Amino acid sequence: MAPFAHWDLIHRRRRKLRGQPFGRNAALIVRGQVKAAASFLTWLDEQDIPLARVGQGDLDRLLDGCSIHVRDRLRAFVRFAVARRLAPPLAIPGTPRSEPSVFIEEIDRAAQLHICLTATTMSHAARIIGALALLVGVPVDRSLRLARTQVGVTGDGEVA
């Protein structure tokens, strides 16, 4: 378990963060993946199935009652175990992503963008996040990860 946590999860997460601090969200993600791997190994022990002999049917049986979050968290360990030949070829199907089904009219989008660009009652951060979402579809959670140095505001309050 330690090689998976240290050399796979933490190393991969640090590479993804590109030198930025290992924050609370990153730690929660890694902790969830380690817990999912530990639960999987405990389940295998209870079923008296060695990791080297677990079959796709066994894995599917376990995943049958699991939430999408558990599947996503366990996927990293399964990939790790298969890549190092600790387990036979196994796969956890990806989570299907749904396409957006609610769209706003172009005139409404323009009105909301105008508010983001001109409102003095909104914080600069809220205006920037709103504008990015309306102009190029940047998800709010990605906008929240922007550093202050990546977005500037001129002396007269214009976003740069």
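Residues numbered from 1 in each chain as written. Predicted model: local features only at pLDDT ≥ 70, side-chain atom pairs only at ≥ 80, totals over all residues. Heavy atoms only, no water.

Visitor: Got a minute to help me understand the overall build of the protein chain in this structure?
Guide: In terms of helices and strands, the protein chain carries seven helices and zero strands. Counting every position in the protein chain, which comprises 160 residues, the buried fraction comes to 28%. For the protein chain, the accessible surface area stands at approximately 11,500 Å², while carbon and sulfur atoms represent 56% of it. (Helix = DSSP H or I, 4+ residues; strand = E, 2+ residues; numbered from the N terminus. Buried < 20%, exposed > 50% of the residue type's maximum accessible area, 1.4 Å probe, protein only. Areas by Shrake-Rupley, 256 points an atom, 1.4 Å probe, with all protein chains shown as cover.)

Visitor: Quick question: what am I supposed to make of the packing of helix 3 (residues 56-63) against helix 4 (residues 68-83) here?
Guide: In helix packing, the relevant descriptors are the interaxial angle and the interaxial distance, both defined with respect to the helix axes. At a minimum axis distance of 12 Å, the contact between helix 3 and helix 4 shows a crossing angle of 155°. In terms of axis orientation, helix 3 runs roughly antiparallel to helix 4. The handedness of the crossing between helix 3 and helix 4 comes out as right-handed. Along the contact surface, helix 3 presents Leu59, Leu62 and Leu63, while helix 4 presents Arg71, Leu74 and Val78. Split by residue class, the contact of helix 3 with helix 4 holds five nonpolar, no polar and one charged. (Axes fitted to C-alpha atoms, helices over the stretch in contact; angles between N-to-C directions. Parallel < 35°, antiparallel > 145°, perpendicular 65-115°, else oblique. Left-handed = near helix turned anticlockwise from the far one by under 90°. Contact = heavy atoms within 4.5 Å. Nonpolar A, V, L, I, M, F, W, Y, C, P; charged D, E, K, R; others polar.)

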